[in-house]
Amino acid sequence: MKAHLIRQKFSTFFIKHDHKKISSSPLIPQNDPTLLFANAGMNQFKDYFTGMALAKNKRAVTIQKCVRAGGKHNDLENVGFTARHHTFFEMLGNFSFGDYFKKEAIHMAWEFLTKELAIDKNKLLITVHESDDEARDIWHNQEGVPLNRIFKMGDKDNFWEMGEFGPCGPCTEIFYDHGEKYSDGNYDPNFPLKDEGRFVEIWNLVFMQFEKTSEGIKKLPKPSVDTGAGLERLTAAMQGVYWNYDTDLFQGIIKEIEKISQKSYGDKK
Ligand code: SER
């Protein structure tokens with residue numbers, strides 16, 4: 001499936017579920033001195049989460065241009081070393097501003113991946129925040145994910161914060177299994193995700209409930225949802241390739257560079 005079709009399917013699916021399609025904000029955030037570049041789809045909606053502004057539509061869907069090259073979410077050190085990190089990337093996201101919460105967010109994400117994109121459920125693993133039995137139960141009881149495919153993780157992995165300050169909350173992540181042949185040798189049957197070669201995070205669902213300010217942490221006026229799925233990673237999974245650079249998002253430009261430079265893309269490993 002071509003990347004442009006994944007973008008289209010994502011927007012159409014969430015529009016069908018009453019989300020308003022909003023354009024990506026510019027890469028340079030407007031009126032936000034806490035960020036150099038947009039690092040997530042939720043940036044432009046920060047004031048809706050905190051209650052500083054009222055959203056006309058309580059549900060939104062976006063495809064956000066992002067750069068993670070500094071600050072709290074800095075991928076720069078990984079670029080060029082892994083198959084899945086970039087300077088620039090696109091994040092598919094659906095948002096609830098005080099409207100739906102965990103049950104609906106989990107249900108829609110699972111439907112989109114396993115029905116719309118028809119990804120094999122056996123290739124997906126889930127993490128939840130260690131305190132979030134509710135999310136674990138929803139995955140298990142509502143969506144039928146076996147408990148041995150759901151893993152509890154701490155704040156480092158499953159508590160999402162935009163930056164030093166801003167809206168934040170526990171999250172649940174969906175990982176894609178690229179298969180044994182990509183193992184980095186750390187596979188552990190009790191905790192497969194230790195194998196970061198084989199398993200790749202493709203979607204993060206954040207249950208926004210708090211705001212960090214210089215005075216500490218406070219509860220948001222209403223629990224909300226912020227999700228983000230990396231388009232390039234999802235496309236790699238859908239196109240059966242391991243390297244994001246081998247997807248149609250990059251191959252066109254790479255072929256052109258090969259022609260101009262007279263050099264071949266070659267073996268990346
Ligand atoms: N804000 C979360 C992230 O960037 C989910 O969109 O991972």
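What counts and what doesn't
- Residues numbered from 1 in each chain as written.
- Predicted model: local features only at pLDDT ≥ 70, side-chain atom pairs only at ≥ 80, totals over all residues.
- Heavy atoms only, no water.
- Helix = DSSP H or I, 4+ residues; strand = E, 2+ residues; numbered from the N terminus.
- Buried < 20%, exposed > 50% of the residue type's maximum accessible area, 1.4 Å probe, protein only.
- Salt bridge = Lys/Arg side-chain N within 4 Å of Asp/Glu carboxyl O.

Enquirer: Explain unusual backbone geometry residue by residue, including any values.
Expert: Note: most residues except glycine have negative phi, and most peptide bonds are trans. One non-glycine residue with positive phi stands out, namely Asp18, at about 65 degrees. With respect to the secondary-structure elements, Asp18 resides in the loop between helix H1 (3–16) and strand E1 (20–21). A positive phi angle, close to 60 degrees, is found at Gln262, a residue other than glycine. Tracing the chain through its elements places Gln262 in the segment after helix H7 (248–261). Accessibility expressed as a relative area gives 69% for Gln262, which makes it exposed.

Enquirer: Go over the pattern of salt bridges with me, naming the residues and quoting the values.
Expert: It is possible for side chains of opposite charge to pair when their charged atoms get near one another. Taken as a whole and assessed by the stated rule, the structure comprises 17 salt bridges. A salt bridge links Glu90 to Arg7, with the nearest nitrogen and oxygen atoms 2.9 Å apart. One end of the pair, Glu90, is in strand E3 (residues 88–96); the other, Arg7, is in helix H1, and 83 residues separate them in sequence. Take Glu90: its relative accessible area is 15%, and that puts it in the buried class. With a shortest N-O distance of 3.9 Å, Lys218 and Glu211 are connected by a salt bridge. Take Glu211: its relative accessible area is 14%, and that puts it in the buried class. When salt bridges that share partners are traced, they join Asp133, Arg136, Asp137 and Lys152 into one network.

Geometric values such as these leave the question of function open.
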